[in-house]
Amino acid sequence: MKFQQILKASSATAVLGLALASQPAFAQVVPATDETTEGQDEDVIIVTGSLIQNPNLERSAPVNVTTEGEIELKQATNAENLLREVPGVVPNIGGNTNNGNNGTARVDLRGLGSNRNLVMLNSTRIVPSDTFGAVDLNNIPVALIERVDVLTGGASTIYGADAVTGVVNFITKQDFAGMDLQLTNEITERGDGNRVRADLVLGANFDDGRGNAVLSVGYMQADPIYFGQRDLGQCVVNSLTGFCGGDSPTATPTSFGFANVAGNLQVSPGGNSLVPQYSLFNFNPFNIYQVPYERFNSYGEAHYEVSDRVTVYGRGLFSKNTVSTIIAASGVFGESLTVPGNNPFLPAGIRDQLCTINGIALGTACNTNPAIPLGVVYRRSVELGPRISEYVSNVFDLKAGVTVNLFGNVDFDIYGAYGESERDETRKGYVARSRLQQALNANNTTTCTVTTNGCVPLNLFGQPGSITPEQAAFIGGVTSTVTQASSLSQVHAQIGGDVGYTLPWASEPVAFAIGAEQRKYFAAQRPDNLASVPGELGGAGGAVVPFEGRYRARDAFAELVLPIASDRPFFNELTLEAGVRRSWYDVDAPGDPSFSATTWKVGGTFSPVPAVTFRANYTKAVRAPNIFELFRPQSTQLTNLATDPCAGAAPTTNATLRAVCLAQGAPAASIGSIQDPAAGQANVTVRGSTALQPETAKTFTVGVLLQPETYLSGFTMSLDYYRINVTDAINAPLPGDLIAACFGSLSAASATDPDCTSIRRNPATGRLSGSPATTPGLFAPLSNAGRLFTDGFDLVANYRTDLGFADLDLNFSGNYTRRSFFDASQASAANRFPDCPGIYSANCGIAIGGLQPKFSWSQRTTLGFDGVDVSLLWRHIGEFEYEFANNPGIGQPNPGNLPRSLFRGAITGTGPFVGQQVDLNRIKAYDYFDLSARFKVLENLTLTTTVFNLFDKEAPLLGGQAGTTSANSGNTYPSTYDVIGRRYSVTARLQF
């Protein structure tokens, strides 16, 4: 279905929701504060983690719940905000990700990747947002959310593949009747970053309560906040040198790199000669901490009891999201170009220097040469303005089904669902390399040698501003588009209930669920010609390759819950549970590859007395490769690498190192003058494979729940240990893995070692950066060679009491991540992977996300008076250390060419940090406080106000080489730490 048709028919979403019905909840009633992040109401129903319908049966897997009350206090404008502060959730792509944002928001449980957890709406999958298979949280209808259930640990047996690290289940309000209008406005203390949200929910019961229909429509908008609007981001701080003011050889005026010249040469201030590079480009002020965003969404659902035994239900979701990223100006980023000797803008002094460097005789041979090599060229085309990518996503997802009561408490449920997502990225402000070379080929100021496309000769040798509007319009007057499309169709059928038999010591009957489902996935990436040519768009990070693929998953599953005993001496409750799922996958590719997998779980709960419950759960989970991993063709992109073992003088004194650098394609003349990757970004060549197999995870949780109602009324506490071990993990090696595989031991390094020769350098300069058309860089194909592991503890405690003058609620949710690592090769004899909790570097965070602290917690204290609630939220982020903090620093002896520590000392250069003493290798523990007040102004009107980051705490200064480009930007980690500062939010809520 075309999205133009969907847009015209968007109102049909509401009609469908009114005509169909919602699936009955497969539920579990738990005590008042069992596994809640904040104070939840009594009889909260947990629907996540089981297919069994009996609400009274115990469950062995812990579920963390964020309730409607907490959602209201957080005044979240989208679903991402509801999850980011949950301990154990690691930031991924979202509203504070700029360079690397793909127009979506994702959740990453336990830091093992957003593709390893499942996002559901009322226990049903929704369509992924792209070829990667992740769900865009921007599509979740926040206004209708009653609570958010987070189950961490393998859940593939219950929900199928992708639930390796857990499930995030958004539960909407059921049987809603009335009107709920919410208006939210948030603005920073500095008067920028305005965020607005408006939502209207309408619901009604009909036919004497046999049916219910609800419709939610919403709008949300956010303004950008630029790095330059905060002291922290005003200048680029180099993490390795402590210099503030700029970075990267890509500056203005133009600079040139040659294999036989140490360092880059730059057009002199006078413009008549080439001199050693003297200026850097401060790209920070043009980037943004908060991406601009706009969303229109509608959601409808309904159910109707056709008879006492038959209920029909359905839902419809439609969302249109617009997200923009803004980064510094485009230009020439290490491209090999030429210029004719009689170019009108080429000064004679520079022409003669270029000829001398290239071995061209001066005089006529130089002056009339049609193509004098410029080496590799770097220039920021500031005259074009910033690079802007606008992502427009259109999503719809429909579901309809019927539940039939067969007999007793046994129901048959069947539903079908279908969804499509289409995201168009429009790129503007990029320099087109082909037009750049065409514009250089000119012998006068008005006409190019080749005049197609309205070519205007280019002045590449002037000072900033020398590129005229006409020249800029030609080299940058292109618009490029990339489309990501995906679809998911699914059919699910199951029979479940209880068998009508209760074991002699138990009070609840044996319960079961058995069923089957089929899911069909399709995804495609469709770039235009500009985006698909390597190096054509200056600073686009490599070619976007076209591909598409599809596969089908068929599952058969069964689950059993066996109550053994209840209300007996020393056996207040004993329940066992088990489940199994058999899955078959058929990939639509040459040779029709297929694979299968079996997942299972066993678990149980034991409560010797009402106040104490022990629980344990062990599962085998799988994740099938997604379409991106299966079908992505080979292409060269960017990765993060601050230092290169071949850089500098080291290869001139170490013969083995020299031989390795040469074997990787470095020109002999470049040895001794090779530079580190430009801006800390190296090229990397990646690819998928239809030979990939499912990865396997063994997950284990064990814990205790305390509810000492007799001794301490209103108090509950749970402590759970979790362990997730993923083998045959589908991943590519990280930059540190690839460098260590070759250069880890120079005494054992070999110029013929495949780990070394797979690295391919810039043929002109020997660097690992340059044009993706000529510099493959590191080689990191996807494989099943990896291993992922994490373990830790979750602690949840809640206390509620009446103080007489007010009700007191204390709620605590904390996480201690003991270990978390990615091993690129399980067979590797020298495992060099870092244990990432409490560590930051480009090797930690296998996805795009932020940091994973060892300790993190969220504690809320709420005092409830008559008509007024006052609440303080305390968020704690533990301390961090740079991965190589204890290695030699700049200027210190460095045997074995180890990775360097970051800068320690006084910041130099220009900007707000100059003279400040820093140690960029450490981040102290951070504590943030948010103060909220909720007023019942009228019977139907509630006003909620919040001061976020009450003490206006600034994010830590780390520079730009302390991690990956996506996670570490604006001199810090903006998805982990608050870069916005103190801000105020007000929500008015009218309910009838």
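About the cut-offs
Residues numbered from 1 in each chain as written. Predicted model: local features only at pLDDT ≥ 70, side-chain atom pairs only at ≥ 80, totals over all residues. Heavy atoms only, no water. Pairing = 2+ DSSP bridges. Helix = DSSP H or I, 4+ residues; strand = E, 2+ residues; numbered from the N terminus. Buried < 20%, exposed > 50% of the residue type's maximum accessible area, 1.4 Å probe, protein only. Polar contact = N/O pair within 3.5 Å; in protein donor to acceptor, adjacent residues only side chain to side chain. Contact = heavy atoms within 4.5 Å. 1 Å grid on protein atoms, 1.4 Å probe; cavity = no way out; pocket = protein on both sides within 12 Å on 5 of 7 lines; lining within 4 Å. Points joined across faces, edges and corners; volume = space filled by probe spheres on them. Nonpolar A, V, L, I, M, F, W, Y, C, P; charged D, E, K, R; others polar. Patch = residues over 30% accessible without salt bridge, like charges linked within 9 Å, V, L, I, M, F, W, Y side chains within 5 Å. Areas by Shrake-Rupley, 256 points an atom, 1.4 Å probe, with all protein chains shown as cover. Salt bridge = Lys/Arg side-chain N within 4 Å of Asp/Glu carboxyl O. Disulfide = S-S within 2.5 Å.

1. Digging into the sheet that holds strand β32 (residues 681-686)
Consideration 1: Strands sit in the order β31-β32-β35 across an open sheet of three strands; the sheet is mixed. Strands at the two margins of the open sheet, each flanked by one partner only, are β31 (635-640) and β35 (778-779).
Consideration 2: Both β31 and β32 contribute to a ladder of six bridges, which runs antiparallel. Residue pairing across strands places T636 opposite T685, the latter belonging to β32.

2. Quick notes on the side chain of T685
Consideration 1: Looking at the element boundaries, T685 is found in strand β32.
Consideration 2: A relative accessible area of 4% means that T685 is categorised as buried.
Consideration 3: A distance of 2.8 Å separates the side chain of T685 from the backbone oxygen of P776, its partner in a polar contact.
Consideration 4: Not counting chain neighbours up to four residues away, the residues in contact with T685 comprise Q634, S635, T636, P776, L778, F779, A780 and P781.

3. Points about empty space enclosed by the protein
Consideration 1: Taken as a whole, this structure holds 13 cavities of 30 Å³ or more when the rule is applied.
Consideration 2: Taken as a whole, the second largest cavity holds about 280 Å³ of empty space.
Consideration 3: Looking at the second largest cavity, it is lined by 27 residues, and the ones nearest its centre are P128, G133, A134, D162 and Y521.
Consideration 4: When residues of the lining of the second largest cavity are traced back to their parent elements, those giving at least two are β6 (117-121), β25 (480-498) and β26 (511-527).
Consideration 5: Tallied by class, residues from the lining of the second largest cavity come to 14 nonpolar, eight polar and five charged.

4. A closer look at a nonpolar patch on the surface
Consideration 1: A cluster of nonpolar side chains, namely L803, F805, F865, V870, L872 and L931, defines an oily patch on the protein surface of about 500 Å² accessible area.
Consideration 2: Residue placement: L803 occurs in the loop between β36 (783-802) and β37 (807-823).
Consideration 3: L803 gets classed as partly exposed once you look at its relative accessible area, which sits at 39%.

5. Quick notes on the sheet that holds strand β45 (residues 922-923)
Consideration 1: As summarised here, the arrangement of the three strands in space is β38-β41-β45, forming an open sheet in which the pairing is mixed. The strands lining the two open edges of the sheet, one partner per strand, are β38 (839-840) and β45.
Consideration 2: Across two bridges, β38 lies against strand β41 (residues 880-882) in parallel orientation. Opposite I839, over in β41, you have E881 as the bridge partner.

6. Section: the state of the cysteines
Consideration 1: Overall, the coordinates contain six disulfides when judged by the stated rule.
Consideration 2: Paired by a disulfide, C235 and C244 hold their sulfur atoms 1.7 Å apart. Sign of the S-S torsion, about -70° for the bond between C235 and C244, identifies this disulfide as left-handed.
Consideration 3: According to the relative accessible area criterion, C235 is buried, its value standing at 3%.
Consideration 4: Each sulfur in the disulfide pair C646 and C661 lies 1.9 Å from the other.

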